Amino acid sequence: MLLKLSLSGIKSKLKDYIVLLIGLVMSSSIFYMFQTLAMNQTFLEKNSMIRMLSFVFLAGSILLGIITVVYILYANSFLLSLRQKEYGMYMTLGAKKKKISKMMFIETMIVGVTSLVIGIVVGIFLAQLVASLLMQQLDFSSPEFSPIYLPAILTTIIFFLVLFVLAAFINVIKLARLSVLDLIHGEKQANHIVINKNRMILQSFISFILLTIGYLAMINIIKFQLLGIGVALVTITGGTFLFFKTFLPYLIHKLKENRRISEKKITIFTLSQLSFRVNDLTKILAVVTMLIALAVGSISVGIGFKNNIGIMMKSSAPFDLTVRNPTKEQETEIAKIKFNSKQVYRYKIDGQMQYFIQEELAKKPLKQRKDGMPEAGKPNFSTVTDKLEAGTVLKTEDSYQNPWVNAFSQVRDDHIDYGKDLPIKIVTEAEFAQISSEENKLVVGDTIDFMKFLPELKQIDRIEKAREPKVDMLTTKYEAYNIWNTLSSGTVFMGLFLGFAFLAMMASCLMFKVLTGAANDISRYEMLSKIGVRRSLLIRSIYKEMFTIFAFPAILGVIHVLFGMQMFKTLLFSPYYRIWIPFLIFVVIYAIYYLITVYLYKGIVLKKVKK
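Residues numbered from 1 in each chain as written. Predicted model: local features only at pLDDT ≥ 70, side-chain atom pairs only at ≥ 80, totals over all residues. Heavy atoms only, no water.

1. Regarding the overall build of the protein chain
When its secondary structure is counted, the protein chain shows 21 helices and eight strands. At a minimum sequence separation of 6, the contacts of the protein chain that also span at least 24 residues come to 83%. Surface accessibility of the protein chain: about 29,500 Å² in total, with carbon and sulfur atoms responsible for 63%. (Helix = DSSP H or I, 4+ residues; strand = E, 2+ residues; numbered from the N terminus. Contact = heavy atoms within 4.5 Å. Areas by Shrake-Rupley, 256 points an atom, 1.4 Å probe, with all protein chains shown as cover.)

2. Observations concerning the nonpolar core
Of all hydrophobic cores here, the largest spans 112 residues; its most connected members are Met33, Tyr71, Tyr590 and Tyr601. In this view, tyrosine 590 contacts Val288, Ile292, Met506, Leu510, Phe550, Pro553 and Ala554; residues no more than four positions away in its chain are not counted. (Core = buried A, V, L, I, M, F, W, Y, C linked by side-chain atoms within 4.5 Å. Buried < 20%, exposed > 50% of the residue type's maximum accessible area, 1.4 Å probe, protein only.)

3. A closer look at the packing of helix 9 (residues 221-257) against helix 20 (residues 535-564)
Look at helix 9 against helix 20: their axes get within 12 Å of each other, and the N-to-C directions meet at 145°. Crossing angle aside, the handedness with which helix 9 passes helix 20 is right-handed. When helix 9 is examined against helix 20, the residues Ile236, Thr240, Phe243, Phe244, Phe247, Leu248 and Leu251 are found in contact with a partner set consisting of Phe552, Pro553, Leu556 and His560. Taken together, the residues of the contact of helix 9 with helix 20 break down into nine nonpolar, two polar and no charged. (Axes fitted to C-alpha atoms, helices over the stretch in contact; angles between N-to-C directions. Left-handed = near helix turned anticlockwise from the far one by under 90°. Nonpolar A, V, L, I, M, F, W, Y, C, P; charged D, E, K, R; others polar.)

4. Looking at the packing of helix 19 (residues 522-530) against helix 20
Each pair of packed helices gets described by two things: the angle between the helix axes and the distance between those axes. Their axes nearest at 11 Å, the elements helix 19 and helix 20 cross at an angle of 145°. On helix 20, the residues touching Tyr525, Leu528 and Ser529 of helix 19 are Leu538, Ser541, Ile542 and Glu545. Classifying every residue of the contact of helix 19 with helix 20 by side-chain character gives four nonpolar, two polar and one charged.

5. Notes on the pattern of salt bridges
When charged atoms on two side chains of opposite charge get close, those side chains can pair. Scanning all chains against the criterion turns up eight salt bridges. Where glutamate 333 meets lysine 336, a salt bridge forms, and the shortest distance between an N and an O atom there is 3.3 Å. Taken together, the residues span about one helical turn, with glutamate 333 and lysine 336 both in helix 13 (residues 328-336) at a distance of three residues. Between glutamate 360 and arginine 346 there is a salt bridge, and its shortest N-O distance comes to 2.7 Å. Of this pair, glutamate 360 sits in helix 14 (residues 358-363) while arginine 346 sits in strand 2 (residues 339-349), and the two are 14 residues apart along the sequence. Owing to a relative accessible area of 22%, arginine 346 belongs among the partly exposed residues under this scheme. Connected via shared salt-bridge partners are Arg346, Glu360 and Glu429. (Salt bridge = Lys/Arg side-chain N within 4 Å of Asp/Glu carboxyl O.)

6. Concerning a positive patch on the surface
Together, Lys264, Lys265, Arg534, Arg540 and Lys544 give the surface a local cluster of positive charge. Locating arginine 540 in the fold gives a position in helix 20. (Patch = residues over 30% accessible without salt bridge, like charges linked within 9 Å, V, L, I, M, F, W, Y side chains within 5 Å. Lys, Arg positive; Asp, Glu negative; His and termini not counted. Charge placed at Lys NZ, Arg CZ, Asp CG, Glu CD.)

7. Considerations on unusual backbone geometry
The backbone phi angle of asparagine 325 is positive, close to 45°, even though this residue is not glycine. Within the secondary structure layout, asparagine 325 lies in the loop between strand 1 (321-324) and helix 13.

8. Examining the environment of phenylalanine 432
Along the chain, phenylalanine 432 turns up in helix 16 (residues 429-434). Overall, the relative accessible area of 1% leaves phenylalanine 432 in the buried class. Sequence separation between phenylalanine 432 and glutamine 358 is 74 residues, and the spatial gap between their C-alpha atoms is 9.5 Å. If we ignore the near neighbours within four places in the chain, the residues touching phenylalanine 432 are Arg346, Tyr347, Lys348, Tyr355, Ile357, Val427 and Glu439.

9. So, the sheet that holds strand 1
The mixed open sheet is built from six strands, whose spatial order is 1-8-2-3-7-6. One side of each edge strand has no neighbouring strand; the edge strands of this open sheet are strand 1 and strand 6 (393-394). Bridge analysis of strand 3 (residues 354-357) against strand 7 (residues 424-427) gives four bridges, and the strand direction is parallel. Counterpart to phenylalanine 356 in the pairing with strand 7 is isoleucine 426. Each of strand 1, strand 2 and strand 8 (439-447) touches helix 13; the most contacted strand, strand 1, lies at about 155° to it. (Pairing = 2+ DSSP bridges.)

10. Quick look at the side chain of serine 28
Here serine 28 is to be found in helix 2 (residues 14-39). For serine 28, a relative accessible area of 1% translates into the label buried. When neighbours within four sequence positions are excluded, serine 28 is seen to be in contact with Ser115, Leu116, Gly119, Thr156 and Phe160.

11. Focus on the environment of methionine 494
Within the element layout of this structure, methionine 494 appears in helix 18 (residues 477-516). For methionine 494, a relative accessible area of 17% gives the class buried.

12. A few points about the packing of aromatic side chains
Scanning the model with the defined rule gives 18 aromatic pairs in all. Aromatic pair phenylalanine 547 and tyrosine 594: ring centres 6.2 Å apart, planes at 80°, arrangement edge-to-face. With a gap of 47 residues between them, phenylalanine 547 in helix 20 and tyrosine 594 in helix 21 (residues 580-605) connect regions that are remote in the sequence. A relative accessible area of 52% means that phenylalanine 547 is categorised as exposed. Its relative accessible area of 14% is what places tyrosine 594 among the buried residues. A network of ring pairs unites the aromatic residues Tyr543, Phe547, Phe550, Phe586, Tyr590 and Tyr594 as a single cluster. Over the ring of phenylalanine 432 we find lysine 348, and its NZ or CZ is 4.6 Å from the ring centre. The aromatic ring of phenylalanine 450 is capped on one face by lysine 477, whose charged end is 5.2 Å from the ring centroid. (Phe/Tyr/Trp six-rings, centres within 6.5 Å; stacked < 30°, edge-to-face > 60°. Lys NZ or Arg CZ within 6 Å of the ring centre and 35° of its normal.)

13. Topic: helix 21
Over its 26 residues, helix 21 extends 36 Å from the first C-alpha to the last, a length consistent with the 38 Å expected when each residue adds 1.5 Å. All of the buried residues in helix 21 are Pro582, Phe583, Phe586, Ile589, Tyr590, Tyr593, Tyr594, Thr597, Val598, Leu600, Tyr601 and Val605. (Expected span 1.5 Å × (residues − 1).)

14. Details of the side chain of serine 541
Its place among the elements puts serine 541 in helix 20. Not counting residues within four places of it along the chain, the set of residues in contact with serine 541 comprises Ile266, Phe269, Thr270 and Tyr525.

Now the structure itself:
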């Protein structure tokens with residue numbers, strides 16, 4: 001009987017439960033995907049580069065888990081408020097609170113288990129999709145990889161079941177504290193704006209100071225480091241809460257006082273609607289703002305890593321191509337590349353010394369690494385201009401302040417018979433010819449477009465590694481690209497999926513809060529309809545009211561992101577490069593939730609208003 005009543009209750013509120021399910025399904029499916037990619041040994045062992053991504057996905061699942069806990073606890077309270085009037089009616093008809101508690105527990109578990117099953121199924125598809133994309137991008141295959149991974153399934157089930165049981169018990173405890181009258185009339189809690197001008201000014205000032213301190217901490221993150229992150233977290237959270245507690249009520253109050261605005265059609269009604277609920281929305285708007293910052297920030301950082309690859313490459317190595325004694329296959333690949341500049345240096349090794357030709361180095365000098373921090377989009381290397389005399393001996397232990405020692409260190413490689421620890425002696429062309437050792441070649445060059453010739457450079461590195469099987473990693477520019485591409489590919493997926501999950505949960509929270517108080521507004525809309533206000537005006541009023549509620553946290557959240565990206569300037573040369581992409585993603589998803597909220601809200605408050 002209880003199961004039948006629970007199913008009936010869920011069916012009667014199906015639209016609201018679907019919104020809740022979307023957030024839960026997204027959370028559990030992405031959590032499962034992260035776990036599969038972080039734990040699946042078959043996948044990780046196939047490619048040494050992908051192993052570093054396991055940490056990225058593990059960190060993502062931990063962060064997602066923390067936010068999911070907050071979301072489920074909040075959504076849980078929404079479930080209770082959604083049905084509390086119905087529970088109160090059952091109790092007035094003689095149902096015992098113990099039975100109601102069991103029914104509510106069953107409902108919570110039905111929703112939780114349903115979302116978990118759907119989430120794991122969706123997660124399996126996501127794991128297969130992301131793994132395929134990663135393998136494609138990183139150019140390796142793992143036929144043994146299976147998106148159905150038992151340890152990840154068990155971890156996801158245990159984590160979410162514990163959360164659902166915890167949420168169900170919290171609901172039972174809350175229900176036990178409420179009387180029948182509280183349940184029936186719990187929704188009818190009026191919220192009025194009480195404007196205390198002096199207090200408002202003081203709190204606004206404190207809010208401004210807190211936000212300023214937080215933004216300064218993020219801008220100067222290099223100086224403050226971990227302390228800066230802690231200060232920013234505390235001050236921006238506090239400042240955001242005070243902002244909505246003071247600014248939004250005060251703005252609505254001032255708009256109502258402005259007769260040119262408030263007396264236009266039914267604007268006064270729209271503003272009054274906001275007044276009724278604004279105090280109650282303070283906390284949720286602050287939470288939504290912080291979640292927006294987290295969501296858009298995650299997407300921005302993820303995409304930022306990918307977008308910065310081209311910029312990073314300009315400072316990763318002095319030349320696009322660096323290869324010694326190229327094989328015939330390598331020569332064939334080199335011939336396919338178009339160069340802005342290309343130079344071949346000859347050298348010999350006699351076991352005591354390396355010999356380079358002074359005339360070749362003077363005609364086309366090597367490049368040295370510049371001092372100081374690299375600048376975004378600017379080369380980190382400069383051509384050596386110091387004169388190099390024949391007879392000069394450069395030792396590896398000499399200071400890098402010597403431009404030529406610095407320059408030769410940029411083209412060294414540890415794996416070859418190049419003699420990494422041998423001194424370098426500069427000799428004339430005539431002296432070089434008299435040295436009886438075998439002649440070697442060092443080929444360096446800059447292509448017309450590094451990204452355009454990645455296939456050829458990749459093939460050259462692949463041959464080089466085959467020639468030197470003991471070497472795990474070369475010091476070429478393509479190798480640097482490969483590392484960054486691997487790391488950024490994982491970060492992009494983590495940032496995107498975390499961002500989507502945060503956005504879904506954040507927008508659901510705001511939607512739940514708005515819909516929870518919708519029943520209180522029905523009588524006001526009915527009253528306006530009875531006195532002759534057109535339905536179209538009422539609908540327009542709803543759009544404006546919801547837009548105001550959705551717009552303020554979005555604006556402040558975006559400002560948080562713009563300052564927050566300063567924290568990543570140590571990892572990204574250009575953290576704001578193409579930042580419009582994550583903002584556009586956010587706007588599209590947020591707008592969809594806004595339209596769904598308006599649709600559901602209209603269905604509640606206008607259902608008795610005649611068309």
